[in-house]
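Listed here are the chains, written in short residue letters.
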Amino acid sequence: MAYLDNIRTFVRVYELGNMSAAARDQRISAAVASARISQLEEHLGVRLFQRTTRQLNPTEQGRLFYPGACKILEAVEDAEAEITSVTRTPRGTLFIAAPLGIGRRLIAPHVPAFKEAYPLINIRLRLSDRALDLPGEGLDVAFFLGLPRDSTLKMRKIADCPRILCAAPAYLENKGHPKRPTDLTSGAHDCLNLRYPGAQEFQWPLETPDGVERYSVKGPFESDDGDVLTSWALDGYGIILKPRFEVADHLAAGRLVPVLEDCPPVPVQLGCLYAHRRHQDPKTRLLIDFMAQRITEALAETPATA
């Protein structure tokens, strides 16, 4: 296993281009990662990386070794997956990611039940509203809202999530209710946007009598944390566009009020991405099936009206 660990570390160092980043990805120290690379180089009798104080670049031998190293790891993973499938005792660790709203409300509550059903599988859950690099960050499954951009990964659609425009009563008392979608872009209203580094200009797609129209909205505040936007809306600072399940409790309690109900936002796709492999890891399939069922049930239980 030590040799395989050395190969795994080499592959992550090669892909990430940084010893410290690869060490974090492998959940080991930078010293251990460096030692593994040194052991592998000693075994092969070549240098795999050129190291300087600022850079780490693969040598010609390292570039030649990388494709074969990937095939070795893939073969081992396929063999383990086949054995696990036969023995029906999936085990190991799954690294999964989700946006904050989905993760806190639809994923995290069901992790203990999944662990109880499959006690040999451990879950490492990462929550973030920023765009994630699934293979680059060592993730097995990434849940998402919207349209994923990475066509090299497999995708499973789970549901279409209804969305809603809403604001706090105090905001509406001050600014008034928008009467038409163009009120959102005229400067009469403040819209709270979810943005993260690299995100494109944000538009709100609304269903109008003339079909779906997109509105480039603006406001005084932006954040890459969806729950921060909800907090700002609750404090009366603007209008938010949210999946209904994220704000259902606030709507039911009257802390948030729907607006422009005749022109609702287009539902957003909820799904997950995972690596495309010849033999899918059984524990990955188990997790996706488990969460998909519970997410679908939870969305079905979300009230359709405030």
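Here the structure is shown first, and the text comes after it.
Keep in mind the model is a prediction, meaning the values are calculated, not measured. Residue indices begin from 1 for each chain and proceed along its sequence in written order. Thresholds applied to this predicted model are a pLDDT of at least 70 for local features of residues and 80 or more for the giving and counting of side-chain atom pairs; totals over whole chains, interfaces and linings are not thresholded and use all residues. As a rule here, side-chain values cover all heavy atoms of the structure and leave hydrogens and water aside.

**Here we look at the sheet that holds strand β12 (residues 240-243)**
Spatial ordering of the open sheet is given by β12-β7-β13, a layout of 3 strands whose pairing is antiparallel. Edge positions in the open sheet fall to β12 and β13 (257-258), since each of these has one partner strand only. Note: strand β7 (residues 163-167) against β12, 4 bridges, orientation antiparallel. The residue bridging Arg 163 from the neighbouring strand is Pro 243, located in β12. Contacts are residue-level and defined by heavy atoms, with any inter-residue pair within 4.5 Å sufficient. Axis angles are defined between N-to-C directions and span 0 to 180 degrees, where every axis is a line fitted to C-alpha atoms and, for a helix, only to the segment in contact. Each helix is a run of H or I in the DSSP string that is no shorter than four residues. Each strand is a run of E no shorter than two, and both are numbered from the N terminus. Of the strands in this sheet, β7, β12 and β13 touch helix α9 (residues 244-253), which is tilted by about 110° from β12. Think of it this way: DSSP has to see at least two bridges between two strands before they count as a pair.

**Observations concerning the pattern of salt bridges**
Whenever a carboxyl oxygen of Asp or Glu lies within 4 Å of a side-chain nitrogen of Lys or Arg, that contact is scored as a salt bridge. Using the criterion set out here, one finds 10 salt bridges in the structure. With a shortest N-O distance of 2.5 Å, Arg 156 and Asp 289 are connected by a salt bridge. Note that Arg 156 is positioned in strand β6 (residues 154-161) and Asp 289 in helix α10 (residues 282-301), a separation of 133 residues in sequence. Partly exposed describes any residue whose relative accessible area lies between the buried limit of under 20% and the exposed limit of over 50%, with all areas from a 1.4 Å probe on protein chains only and scaled to the type maximum. According to the relative accessible area criterion, Arg 156 is partly exposed, its value standing at 30%. For Arg 180, the salt bridge goes to Asp 183, with nearest N and O atoms at 3.5 Å. A relative accessible area of 45% places Arg 180 in the partly exposed class. One network of salt bridges, in which partners are shared, links Arg 104, Arg 105 and Asp 227.

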